[in-house]
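These are the residues of each chain, in order.
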Amino acid sequence: MVGGARLEGSVRVPGAKNSVLKLMAAALLAEGTTTLVDVPDILDVRIMAELLRRLGCEVHHDRVGGVVSIRVPGTPSHRADYELVRAMRASICVLGPLVARCGRAEVALPGGDAIGSRGLDLHVTGLGALGVTIGVDHGYLVAEAATGLLGATVRLEFPSVGATENLLTAAVLARGTTVIDNAAREPEIVDLCRMLRRMGARLDGIGTSTLRIEGVDRLGPVEHRVVPDRIVAGTWAFAAAVTGGDLEIRNGETGHLGMVLDKLETSGSVVSVLPDGFRVTGPKRPRAIDVATLPYPGFPTDLQPFVITLDAVSDGAAMVTENLFEARFRFVQEIARLGAQVKVDGHHALVHGVPRLSAAPVEASDIRAGAALVLAGLVAEGETVVAGVQHIDRGYAAMDVVLRGLGAEVTRTTLPEYTYP
Ligand code: UD1
């Protein structure tokens, strides 16, 4: 891409990656056809569709219409292969539904984003409290609930998104009452809770840090619209802010981005609410903003690389603190190649803004780092080449095409490596 363009126009935010993957897994809880609407056309959805097919489901993905339908058999199989799990760490979210439905699950130990070693201890101890025994055998987590799942009180040490989801999707079919204390409260968890409730699950406390679930014997398939992707909406908000642009972000949910939009306003952007989304008008040059990432409703870690990008070209200096995934700072080494002045000390990054970045070849290490490098390239003098764009495909549909529509000079030189239909 060639730097210098102000992004202008309108973009539509599709359903959230981090929700739809879990909703697809949750479909396993009910025999019959579950339909999901407003599904983004991204690589991770194809990987999850393939994983479900291998578990015995029939999956139809209408990529243009954004609809996925999943026909779940009476008895799904229970083994999630390494080939798919290593391609996408979120595959671990089939663990809860499979053990609840089949009494057994074998899920390869995950790989996925290169953003640090993400533990599974909270998943394991939480499910253990519900009567699941979990061991590791030849690289697979083997979970068994020989006599069925039994409700229990689980106090999570940390409000882990993935652990909350696996516990929820197991507890809905357990005997008795489960209480998840210190549960994650992300909008994607709320979305999952809403779908589970419509499937017939009995749960209270949606959107709070205490979820209470009364197990039921069976759940039924439903049709469900996926919550808008707040991280994609946030990406476009930062794109406007960084390039001094003006973007209408349709289907963007301001209620899910409170902290993010406050920070953008502090940095000089103007944010206004529209009937079907919001609009961000970026300043000539942003002011630097201090940010510390935290679980929702704190500032999302997924948007942290965009903050560093904004601070890198801002007027001033700021501290960015990463409290969830330290390895997200890998991105710093790459943006430094574009002339960004960033000093990392443990989980803090001190960024001194410079008036302009300068183009260089860089490499994406994960989805958000990839998208943030693209934004950085849009404000770098000269032609920046971002390698590893397959990471971007995992979370953004045709980002290059969308950017061209907004006035950016971007070309894609490698074709998407889509292996799954
Ligand atoms: C999800 C999102 C990811 C987002 C993250 C935090 C998906 C597919 N991914 O990831 O984009 O950045 O939430 O909002 O939805 N941890 C443990 N032990 C555990 C579980 C987690 O130590 O058993 C730690 C992790 O190492 C990490 C932190 O908790 O440091 C957050 O993890 P978690 O909230 O579970 O995030 P994910 O579900 O992996």
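All residue numbers here refer to positions counted from 1 along the written sequence of the relevant chain. Totals for whole chains, interfaces and linings use every residue, but because this is a predicted model, local features are given only for residues with pLDDT of at least 70 and side-chain atom pairs only at 80 or more, for both listing and counting. Side-chain measures here rest on the full set of heavy atoms in the structure, leaving out hydrogens and waters.

Bringing the sheet that holds strand 10 (residues 177-181) into the picture now. Pairing between two strands is assigned when DSSP locates at least 2 bridges connecting them. Only DSSP runs of H or I with at least four residues qualify as helices, and only runs of E with at least two residues qualify as strands; both kinds are numbered from the N terminus onward. Strands sit in the order 9-10-12-11 across an open sheet of 4 strands; the sheet is mixed. Where the open sheet ends on each side, the last strands, each with one partner, are strand 9 (153-155) and strand 11 (202-204). Within the sheet, the average angular offset between the axes of one strand and its neighbour, ignoring direction, is 15°. Bridging between strand 11 and strand 12 (residues 210-214) involves 3 bridges; their strand directions are antiparallel. Of the residues in strand 12, the one forming a bridge with L203 is I213. To obtain each axis, a line is fitted to C-alpha atoms, and for helices this fit is confined to the stretch in contact; angles are then taken between N-to-C directions over 0 to 180 degrees.

Helix-helix packing is described using two parameters, namely the angle between the two axes and the distance between the axes. Direction vectors running N to C along helix 5 (residues 121-129) and helix 6 (residues 161-171) enclose 25°, while the axes themselves pass 8 Å from each other. The orientation of helix 5 relative to helix 6 falls into the category roughly parallel. Considering the relative orientation of helix 5 and helix 6, their crossing is right-handed. The residues of helix 6 that touch helix 5, namely those facing L122, H123, G126 and L127, are G162, A163, N166, L167 and A170. In the contact of helix 5 with helix 6, the residues fall into 5 nonpolar, 4 polar and no charged. In this scheme, roughly parallel covers angles under 35 degrees and roughly antiparallel covers those over 145, while 65 to 115 is roughly perpendicular and the rest are oblique. For a crossing to be left-handed, the near helix must be turned anticlockwise from the far one by less than a right angle; the clockwise case is right-handed. By the convention used here, residues are in contact when the closest approach between their heavy atoms is within 4.5 Å. Residues are grouped as follows: Ala, Val, Leu, Ile, Met, Phe, Trp, Tyr, Cys and Pro are nonpolar; Asp, Glu, Lys and Arg are charged; all remaining types, including Gly, are polar.

This part is about the site of the ligand. Around the ligand there are 21 residues in total, and K22, D121, L122, S160 and L324 lie nearest to it. Nitrogen and oxygen atoms within 3.5 Å of one another constitute a polar contact, given that in protein one can donate a hydrogen and the other can accept it, and given that sequence-neighbouring residues count only through two side-chain atoms. In this structure, an oxygen atom belonging to the ligand sits 2.7 Å away from a main-chain N or O atom of L122. Where the shell around the ligand is concerned, the elements lending two or more residues are helix 1 (17-26), helix 5 and helix 6. Take the shell around the ligand: its biggest share by element is 3 residues, from helix 5. The residue inventory of the shell around the ligand, partitioned by class, reads 7 nonpolar, 7 polar and 7 charged. In this document the domain limits rely on a domain assignment from an automatic tool or a database. A domain-level breakdown of the shell around the ligand finds at least three residues from each of domain 1 (8-14 + 229-405) and domain 2 (17-215). Think of it this way: one heavy atom of a residue within 4 Å of a molecule or strand is enough to make that residue near it.

Attention now goes to the sheet that holds strand 4 (residues 67-72). Pairing in this open sheet of 4 strands is mixed, and the strands run 3-4-2-13 from one edge to the other. The open sheet has two free edges, formed respectively by strand 3 (58-62) and strand 13 (223-225), since each of these has just one partner strand. Adjacent strand axes in the sheet meet at a mean angle of 15° when their direction is disregarded. Relative to strand 13, strand 2 (residues 32-37) runs parallel, the two sharing 3 bridges. Note on strand 13: the bridge partner recorded for L36 is H224. In the packing of helix 7 (residues 187-198) onto the sheet, contacts are made with strand 2 and strand 13, and the angle to strand 13 comes to roughly 160°.

Of the strand pairs in this sheet, strand 1 (residues 8-12) and strand 14 (residues 246-250) are connected by 5 bridges, and their pairing is parallel. Each bridged residue has a counterpart across the sheet, and for E8 the counterpart in strand 14 is D246. Both strand 14 and strand 16 (residues 277-281) contribute to a ladder of 5 bridges, which runs antiparallel. In the strand pairing of strand 16, L247 is matched with V280.

Turning next to the pattern of salt bridges. By definition here, a salt bridge exists when the distance from a side-chain nitrogen of Lys or Arg to a carboxyl oxygen of Asp or Glu is within 4 Å. For the structure shown, the criterion picks out 26 salt bridges. The partner of R104 in a salt bridge is E144, with the nearest N and O atoms 3.2 Å apart. Of the two residues, R104 is situated in strand 6 (residues 104-108) and E144 in strand 8 (residues 140-144); the sequence distance between them amounts to 40 residues. A cluster of three or more residues bridged by salt bridges with shared partners is formed by R79, D81, R104, E106 and E144.

In summary, the pairing rule links any two rings of Phe, Tyr or Trp, Trp by its six-membered ring, whose centres are within 6.5 Å, and it sorts them by plane angle into stacked for under 30 degrees, edge-to-face for over 60 and tilted for everything else. If you walk through the whole model with that rule in mind, you get 1 aromatic pair. Only Lys NZ and Arg CZ are tested; either one counts as a charge over a ring when it is within 6 Å of the ring centre and within 35 degrees of the ring normal. Lying across the ring of Y140, R79 places its NZ or CZ 3.9 Å from the centre.

The subject of this paragraph is the environment of V389. On the secondary structure map, V389 appears in the loop between strand 24 (385-387) and helix 13 (390-393). Along the sequence, V389 and E186 sit 203 residues apart, while their C-alpha atoms lie 27 Å from each other. The contacts of V389, once residues within four sequence positions are left out, are R412 and T414.

A word on the domain arrangement of the protein. As assigned here, the protein comprises domain 1 (8-14 + 229-405) and domain 2 (17-215). Here domain 1 and domain 2 have C-alpha centroids that lie 29 Å from each other. Residue-level contacts link 25 residues of domain 1 with 22 residues of domain 2. Accessible area that two parts lose when put together, evaluated with a 1.4 Å probe and summed over both, is termed the buried area. A buried area of about 1,900 Å², summed over both sides, lies between domain 1 and domain 2, and 55% of it is on carbon and sulfur atoms. Linking domain 1 to domain 2 there are 3 salt bridges. Note that R12 is salt-bridged to D38, the shortest N-O span being 3.0 Å. Counting across the interface, domain 1 meets domain 2 through 6 residue pairs in polar contact (both at pLDDT 80 or more). Breaking the side of domain 1 that touches domain 2 down by element, the ones donating at least two residues are helix 12 (367-378) and helix 13. Along the lines of polarity and charge, the residues of the side of domain 1 that touches domain 2 split into 10 nonpolar, 5 polar and 10 charged.

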